[in-house]
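# Structure at a glance
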Amino acid sequence: RVSILAPMAKNLKAILRNLSPSLRDGDYVFATFPSMLYGERADLKPVAAVREQEGLTLIIPRREADKNGVNYDGVYKMITLEVHSSLEAVGMTAAFATRLSEQGINANVVAGFHHDHVFVGASRADDALKAMEGLQAEAAAE
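The structure contained in this document is the topic of the report that follows. Since the model is a prediction, treat every value here as computed from it, not as a measurement. (Residues numbered from 1 in each chain as written. Predicted model: local features only at pLDDT ≥ 70, side-chain atom pairs only at ≥ 80, totals over all residues. Heavy atoms only, no water.)

A general trend in soluble globular proteins is that nonpolar side chains are found buried together. Leu19, Leu81, Phe96, Leu100, Val120 and Met132 are the most contacted members of the largest nonpolar core, which totals 20 residues. Elements represented by at least two residues in this core include exactly helix 1 (12–17), strand 5 (76–81), helix 3 (92–102), strand 7 (116–121) and helix 4 (125–141). Considering each element in turn, this core owes the most residues, seven residues, to helix 4. Among all residues touching leucine 81, those that are not within four sequence positions of it are Leu19, Ser20, Pro21, Met92, Phe96, His115, Asp116, Val118 and Met132. Counting residues in hydrophobic clusters, the runner-up holds ten residues, among them Val29, Met36, Leu56 and Ile60. (Core = buried A, V, L, I, M, F, W, Y, C linked by side-chain atoms within 4.5 Å. Buried < 20%, exposed > 50% of the residue type's maximum accessible area, 1.4 Å probe, protein only. Helix = DSSP H or I, 4+ residues; strand = E, 2+ residues; numbered from the N terminus. Contact = heavy atoms within 4.5 Å.)

This is the structure:
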């Protein structure tokens, strides 16, 4: 089977040089629905869903949660890493998670096929973006 997709990066140094973090507009929340099936709340416009033993977790825009009376604990910003990395790449998450943890910034990562998306506390989003841009700049200087 031949892929028509562009080749995805697996080399950590190449990935970090091309990390290209991008802060997305809007606030996001994590909400859990104990007895809901996937697809039942498409009206909430989820950007990601995870089936767990305890129920379905949706990551949804805060405005949709507020509009629909959905409970949540924290508010997050989404930073998309524009690099087209392979799902088989090793070390990227560890590299940026280490950098963020050194600055006391939480990170919740969701991997898509094309990109990784990092959800960070809304109040620290600018700091997180700068930290990841710094990581990219350091890799580019090597």
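Now, onward.
So, about helix 3. Those residues of helix 3 not exposed but buried are Met92, Ala95, Phe96, Arg99 and Leu100. Within helix 3, the buried residues cover an arc of 125 degrees as seen down the axis, which keeps them to one side. Where helix 3 is buried, its residues contact helix 1, strand 5, strand 6 (108–111), strand 7 and helix 4. Count one or two residues on from helix 3 and you reach glycine 104, which has phi positive near 70 degrees. (Arc of directions from axis to C-beta.)

By the bridge criterion, four bridges tie strand 6 to strand 7 in an arrangement that is antiparallel. What sits directly across from alanine 111, in strand 7, is aspartate 116. In sequence, strand 6 turns back onto strand 7 through a hairpin of four residues. (Pairing = 2+ DSSP bridges.)

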